[in-house]
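What the coordinates show
So you can see what is in the structure, the chains are spelled out below.
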Amino acid sequence: MTTAPAKINQRSSWQLFWTSPAMRKMRRNPLAITGLIITLLFGLVALFAPLIAKPSGNCIRDLNITEASQVYNPLSAPFWQATLAPPKSCYLIERLSFQQQPSLPSADAPFGTVNGYNIFYGLIWGTRTALKLSFIIVGITLVIGVIVGAISGYYGGWIDNLIQRFIDVLFSLPPLILTVVILTILRARLMGGGADYDPTVPMVVAFCVTGWAGYARLIRGEVLRTRQLEYVDAARSLGARDMRLILKHVVPNSVAAVFTTAVLDLATVPLSIAGLSFLGLGFEPGYSEWGQLVDFARAWLKPEYWYVLVYPAVFIVLFSLAFNLFGDGLRDALDPKSR
């Protein structure tokens, strides 16, 4: 008499991920969970910015609506346009007056005004600006760094020597100074054409030029370790080509440290952009960006005008703190040796 084999309890990919050692370590880290929660809250604020700080002025016109309350209808096209692809005019801070002196928080401006600009509107829409630029810049620099570092570490020889000497040259230059120089050159060329100057692309280019080298150096060290392992030799003996070895075997097992570094860098990009705006190299005056509001506040550093600087500072500090807490927890979970 034969018996039927017992059914193997197969778990889904989500169950395997949730019960993995890395996720168990992450769940036991309260600071990392706190950072993740704050990060998700910033993401929700950025996504639903049109609903939290309703459009005004030219934004209403460009959305083809007559009243700001129309964006609250999820069945209408303006709701999805304002949420997913708002026009540039929606990023311009709502200006309630042309009075330079800050005004106290009110129903129209919950965080008060400075130079007539609604601080609450600038902070809410500035959250979208910060997240958008952070993910674009970190994503591009990460891809470039991983590709260059993997080629350098895998092939070695004169290719590795050439790439590493170029990286040494980049590291010898102060990153902030190099970023300012590149941004100034691009700014002069683009503004000389007579068209409206949008600093988004120049900022992305400047930060990517100065940021990819760090990722390349990290991934190179991991690739040097990974390429000597047995499974790579086995794949090579089976006839796998170099590109397949790099993309399928070497890089996926080498990106843990680089990924955690990228999460930590998400916290520093808004600080750097705010610093450039404070120096006058960022967005135009009145654009929803946290550095703009800090720049407006420096002329009113008095106790009675505390709200002008405190609210932007709280947003910047919480944003950086959240990504740092989450990044530290992720690093400990994925790379226990670094604890």
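Here's a quick rundown of the structure. No experiment lies behind these values; they were computed from the predicted model shown. (Residues numbered from 1 in each chain as written. Predicted model: local features only at pLDDT ≥ 70, side-chain atom pairs only at ≥ 80, totals over all residues. Heavy atoms only, no water.)

Before going further, it helps to examine the packing of helix α10 (residues 200–226) against helix α13 (residues 256–278). Two elements in contact, α10 and α13, have axes separated by 12 Å at closest approach and are oriented at 155 degrees. As the angle between them shows, α10 and α13 are arranged roughly antiparallel. Both α10 and α13 take part in a crossing whose hand is right-handed. Along its contact with α10, which presents M203, F207, Y215, L218, I219 and E222, the element α13 presents A257, V258, T261, A262, D265, S272, I273 and L276. The class makeup of the residues in the contact of α10 with α13 is 10 nonpolar, two polar and two charged. (Axes fitted to C-alpha atoms, helices over the stretch in contact; angles between N-to-C directions. Helix = DSSP H or I, 4+ residues; strand = E, 2+ residues; numbered from the N terminus. Parallel < 35°, antiparallel > 145°, perpendicular 65-115°, else oblique. Left-handed = near helix turned anticlockwise from the far one by under 90°. Contact = heavy atoms within 4.5 Å. Nonpolar A, V, L, I, M, F, W, Y, C, P; charged D, E, K, R; others polar.)

A positive phi is found at N64, a non-glycine position, where the angle reads about 60 degrees. Inspection of the secondary structure assignment puts N64 in the loop between α5 (58–62) and α6 (77–84). If you check the backbone angles, N115 has positive phi at about 55 degrees while not being a glycine. Within the secondary structure layout, N115 lies in the loop between β1 (113–114) and β2 (117–118).

For the rest of this paragraph, the subject is the side chain of S89. On the secondary structure map, S89 appears in the loop between α6 and β1. By relative accessible area, which is 12% here, S89 ends up buried. A distance of 2.5 Å separates the side chain of S89 from the side chain of D62, its partner in a polar contact. (Buried < 20%, exposed > 50% of the residue type's maximum accessible area, 1.4 Å probe, protein only. Polar contact = N/O pair within 3.5 Å; in protein donor to acceptor, adjacent residues only side chain to side chain.)

On to the side chain of T141, then. Checked against the element boundaries, T141 lands in helix α7 (residues 119–155). For T141, a relative accessible area of 4% corresponds to the buried category. Only 2.8 Å separates the side chain of T141 from the backbone oxygen of I137, close enough to count as a polar contact. At 3.0 Å, the side chain of T141 and the backbone oxygen of V138 are in polar contact. Sequence-distant contacts of T141, defined by excluding residues within four places in its chain, comprise F207, C208, G211, W212 and Y215.

Take T83: it is sitting in helix α6. On a C-alpha basis, the gap between T83 and L51 in space is 8.3 Å, while along the polypeptide they are 32 residues apart. Setting aside its immediate chain neighbours within four residues, T83 contacts L47, P50 and R128. One polar contact links the side chain of T83 to the main-chain carbonyl oxygen of F79, over a distance of 2.7 Å.

This next bit is on the state of the cysteines. If you walk through the whole model with that rule in mind, you get one disulfide. The disulfide partner of C59 is C90, and the S-S distance across this bridge is 1.8 Å. One disulfide, between C59 and C90, carries an S-S torsion of 75 degrees and so falls in the right-handed class. Placement of the pair is C59 in helix α5 and C90 in the loop between α6 and β1, with a sequence separation of 31 residues. A residue is classified by how much of its surface remains accessible, and C59, at 0% relative accessible area, is buried. (Disulfide = S-S within 2.5 Å.)

Here the focus is helix α14 (residues 290–297). In terms of burial, α14 is largely enclosed, as six of its eight residues are buried. Along α14, the positions that sit buried rather than exposed are W290, G291, Q292, L293, F296 and A297. Buried positions along α14 lie against α3 (30–47), β1, β2, α7, α13 and α15 (306–334). A side-chain oxygen of the first residue of α14 lies 3.0 Å from the backbone nitrogen of G291; this N-cap is E289.

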